[in-house]
Amino acid sequence: MFLYTVIRLGQGALLLLAMSVLVFVAIYAIGNPITMLINPSSPQEVIDETIRRLGLDQPLYVQYLRFLAQAVQGNLGVSYISSQPALRLIVERFPATLELTLTAMTIASVIGIPLGLVAGYRPNSPLGRAIGTISIIGISLPSFWIGLMLITIFSIRFGILPTGGRGQTASILGFESSLFTRNGWSHIVMPAINLCFFPMAMIIRLTRAGVRENITSNHIRYARAKGLSSTRILFGYILPSISIPLITVLGIVFGVLLAFGVVTETVFAWPGIGKLIIEAIRTGDRPIIIAYLLFTVLLFALINLAVDILCAIIDPRISLSGAR
Amino acid sequence: MKKVILRALVCAGLSLSLPTLSHSADLTIGARAELAMDPHSQWLDTNTAYYNHIYSALTKIDEKSQIGPDLALSWQTVSPTEWHFKLRPGIKFHNDEALTARDVVASIQRARTLPNATSPYTGAISSVQDVSAIDDLTVSVKTTRADPALLYGLGYISIIPESLTKATTDSFNTGTSVIGSGPYKFVSYRAGDRIVMERNPGYYGAKPRWDKVMFRFIADDGARVAALLGGDVDLIDFVPPRLIERLKSAPNVNVFTGVSDRPIYLIMDTERDDSPFIRGSNGEKLTKNPLKDRRVREALTIGIDRNLMAKRVMEGAAEPASQPVAPHFAYSNPSVPMPGYNVDEAKKLMAAAGYPNGFSLSVHCTNDRYVNDEKICQAIGQMLSRVGLKMDVQTLPRSVFFPMATNHKPEGRYSFLLLGYASSGDAGFFPNALHSYSAEKKLGSWNLGHYSNAEVDAAIGRGLAASDLKGRYAAFSDAIKVAMDDRALIPLYTQSVVVATKKGLSYTTWANERTIADSASAN
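Throughout what follows, the structure given in this document is the object of discussion. Residue indices begin from 1 for each chain and proceed along its sequence in written order. For this description, chains carry letters from A and ligands carry numbers from 1, given in the order in which they are written. Only residues with pLDDT of at least 70 are given local features in this predicted model, and only at 80 or more are side-chain atom pairs given and counted; all residues enter the totals for whole chains, interfaces and linings.

## Remarks on the interface of chain A and chain B
Okay, so step 1: Once C-beta atoms have been placed from the backbone, residue pairs whose C-beta atoms lie within 7 Å are recorded as contacts. On the chain B side, the residues contacting the 47 residues of chain A number 47 residues.
Okay, so step 2: Among the secondary structure elements, those contributing two or more residues to the side of chain A that touches chain B are α2 (34–37), α3 (44–53), α5 (86–121), α7 (143–157), α11 (262–267) and α12 (273–283) of chain A.
Okay, so step 3: Here the side of chain A that touches chain B gets 5 residues from one element, more than from any other, and that element is α3 of chain A.
Okay, so step 4: Gly is put with the polar residues, along with every residue not named as nonpolar or charged; the nonpolar set is Ala, Val, Leu, Ile, Met, Phe, Trp, Tyr, Cys and Pro, and the charged set is Asp, Glu, Lys and Arg. Of the residues assigned to the side of chain A that touches chain B, the class counts are 22 nonpolar, 18 polar and 7 charged. Helix and strand definitions here come from DSSP, where helices need a minimum of 4 consecutive H or I residues and strands a minimum of 2 consecutive E residues; each element is numbered from the N-terminal end.

## Looking at the packing of helix α8 (residues 182–214) of chain A against helix α10 (residues 230–260) of chain A
Residue and element names in this part refer to chain A.
Okay, so step 1: Only the stretch in contact is used when a helix axis is fitted, and all axes are lines through C-alpha atoms; the angle between N-to-C directions ranges over 0 to 180 degrees. Two elements in contact, α8 and α10, have axes whose closest approach is 9 Å; the angle formed by their N-to-C orientations is 155 degrees. By the angle class used here, α8 and α10 are roughly antiparallel. Two packed elements cross with a definite hand, and for α8 against α10 that hand is right-handed. On α10, the residues touching L195, P199, M202, L206, T207, G210, V211 and N214 of α8 are I238, S241, I242, P245, L246, V249, V253 and L257.
Okay, so step 2: Of the residues that constitute the contact of α8 with α10, the class distribution is 12 nonpolar, 4 polar and no charged. Should an angle fall under 35 degrees it is called roughly parallel, over 145 degrees roughly antiparallel, and 65 to 115 degrees roughly perpendicular, with every other angle called oblique. Left-handed describes a crossing whose near helix is turned anticlockwise from the far helix through less than a right angle; right-handed describes the clockwise counterpart.

## Some points on helix α3 (residues 101–113) of chain B
What sets the pattern is the α-helix's 3.6 residues per turn: residues three or four places apart point alike.
Residues and elements named next belong to chain B.
Okay, so step 1: By definition here, a helix of n residues has an expected span of 1.5 Å times n minus one. With 13 residues, α3 ought to run about 18 Å at 1.5 Å a step, and its terminal C-alpha atoms sit 18 Å apart, in line with that.
Okay, so step 2: Here exposure depends only on C-beta density: within 10 Å of a residue's C-beta, 20 or more other C-beta atoms make it buried, 12 or fewer make it exposed, and intermediate numbers make it partly exposed, the C-beta atoms being placed from the backbone. Where α3 is concerned, the buried positions are A101, D103, V104, V105, A106, S107, I108, R110 and A111.
Okay, so step 3: Turning to α3, the residues buried within the fold contact β5 (82–87), β6 (128–135) and β7 (138–143).

## Structural notes on the pairing of strand β4 (residues 72–79) of chain B
Residue and element names in this part refer to chain B.
Okay, so step 1: Inspection of the sheet shows β4 paired to β5 by 6 bridges, in the antiparallel sense. In the sheet register, S74 faces β5, and the bridge partner there is K86.
Okay, so step 2: Strand pairing is defined by DSSP finding a minimum of two bridges between the two strands. Where β4 folds back onto β5 in an antiparallel hairpin, the turn is made up of 2 residues.

## Looking at helix α6 (residues 221–229) of chain B
Okay, so step 1: With 7 of 9 residues buried, α6 of chain B lies mostly within the body of the structure.
Okay, so step 2: Of all the positions in α6 of chain B, only A223, R224, V225, A226, A227, L228 and L229 of chain B are classed as buried.

## Focus on the environment of R514 of chain B
All names here are of chain B.
Okay, so step 1: Along the polypeptide, R514 turns up in the loop between β19 (505–507) and β20 (520–522).
Okay, so step 2: Residue R514 is classed as buried on the basis of its C-beta count, with 20 C-beta atoms lying within 10 Å.
Okay, so step 3: A sequence separation of 17 residues divides R514 from V497, and the C-alpha atoms of the two residues are 9.2 Å apart.
Okay, so step 4: When sequence neighbours within four positions are dropped, the list of residues in contact with R514 reads D45, T48, A49 and N52.

## Focus on the sheet that holds β5 of chain B
Residue and element names in this part refer to chain B.
Okay, so step 1: Strand order across the open sheet formed by 4 strands is β4-β5-β7-β6, with antiparallel pairing between neighbours. The sheet is open, and its two edges are formed by β4 and β6, each paired on a single side. The sheet shows a mean angle of 20 degrees between the axes of neighbouring strands, direction not considered.
Okay, so step 2: Sheet analysis places β6 next to β7, joined by 6 bridges and oriented antiparallel. What sits directly across from S132, in β7, is S140.

## What to know about the packing of helix α6 (residues 126–140) of chain A against α8 of chain A
Residues and elements named next belong to chain A.
Okay, so step 1: Following both chains from N to C, one finds α6 and α8 inclined at 145 degrees, their axes separated by 8 Å at the closest point. When you trace α6 past α8, the crossing you get is left-handed. Contacts from I131, S135, G138 and I139 in α6 reach F197, F198, M200, A201, I204 and R205 in α8.
Okay, so step 2: Grouping the amino acids of the contact of α6 with α8 by side-chain chemistry returns 7 nonpolar, 2 polar and 1 charged.

This is the structure:
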């Protein structure tokens, strides 16, 4: 297991390197960012001087090598717009996104897994069909529309929830989170609900399919024959069987929500990394874009590693070192 | 006797409770733009709006973009290249340090030499050669050339204590070094979320209106408007035109509109004979560039209905413009007539110029820089189609548009594009955007069509050499008249500033679109 982890981490590092080249070349191809950042009333000599000072007149490979040299020391560049270190900005804003995504995933799992189990166990009952339909609606509705509807109804019409932003945070055991305050809850409710539709729909459909597949297997038939209750069968036997594909997909969905929950964060003015990246793309803040994409690659690599290890732990049939 | 005692007790009780009756006045603003915490790192007008609250400068601009004294009570030019500024006595920073000329000198030097600034303030004070303190209350500024617009540039330099000028940008980001002498003191800052300030009781100017001011950064237009409608903020800036009617009809909202400094206009390529985005009406290459013919430029100008654009496309949040400078500046020329709207006349002019069947033209605009820029672009495409041109409308994000548009090499640049260049007290539009392009002389870097007219250049040259602002403005006024007669650029409209507040508040808009807490007042 240890060797496996080390090998995977090494692969992750290679992936980061490849990604950094790709991202750098792609952003470089867009052109000189200075004209957009600098005040247009600046005289030409100031513009030229700034280009020179930021090293933007050097050829591509020189700029990339300079970036690489700084990156291995942990310096991923300084934001063009706010002059803050890019990595620090991302790390500072990450807890807000993590908190929102974990809340959304928890809601999605807690509601989605039981619903999916029911839909799979009794697919032709009215409840089963209703669950199937709801899951399709959940995937189809655009999240910015749902978000704006939630704000219009609950914040503007009824005035019971705030229109956006993150609430007050409190610290418990060294972890700071807005989930520990009542004000924080009122701020996180709507964005979390907005964000949970997509993963919930995926969980319902996956669980349902998994149940359908497993319900005909021998050990379930034997359990039915023995007279075990449906609940015991569902939660005790079927759920563990479908947990492998479920966890794998959930890992990917978790990563996607973390890195690209941009729409929800924008609509609800949630100060997370999604809002950060969209602003950076719009303003051409290259260091943030590069740092963010590398961060995302690392995130996905780590999540996938965790998911693989988790699956190996859950299912003793899986061998990490490959089949012998 | 009992009644007297009773009355006395009641009065005593009332007088004790009176202090608690006075309520604290707090203001929460939903702002579109975030700020850079280091006041010398990024020269942007939206940043200066925030710095106006926390810091002072030698001079400051008012809501009509006129310059006036701030820290400097008076100034004089002892020679064309040396200015002396006399400071107000008795000013204290927020940490109770006294403000002297040494702080001013150190701050200006920091602004000129700060490393890693992507939009350095050196651009604002490029003529400054040296700054020194003559005595505790007098600052001497030496310039490389006579610069009557120096006052405007100095208004951008926030003055910080000399003891903090060695501070890194990082310590500003964490808030430890944010000490100014402005009407509000810094309280707290969360990146991407909000900044909080409180009244500075020792402020030397007009008493600050609010006890506490909080700016919440809400970049998304819809979310910002929702925050106002839901009562989470008291005031929002940069109201998008499409939501003005919605806000006007809301019972708990006031909408305030004012004229801004930002004219929007079209630039035409008048240099290249083979312009990449101009083709014949059948797509064939043309031997000469139709935009070089004044009749064609006139046809394009009168083929656009400015009133319709301002009223419908901009939904009233714009004023038709006769020239690409804002009308409230002294260098705009009132004798320049507003272009009419006449499609038949335009078609006749096109035929007279040799294009009876028109030609193909691509118009390029940003879609995320100016208010409704995408819609304006489409409107232009439609209007010019009526004149007989085959129009192709291309809108791009500004991160792609600007590098291409400002590429001065012959194979770069667009042929026909939309731009907004804010007018300012130093009239930078003329040397930067109207003068012909010259890399050596560092002029015309925003003259993106490479329009070149010797008479216009001569007038601008006279303006730059003028010893005072009046002479400069007069020469520039001549320049714009000649340029408009020759249809150098196609003026469209001047954007309006739109701000919305909750009922019970009113707001005086700023021409340079700054959001200033003290311009809001309870009524």
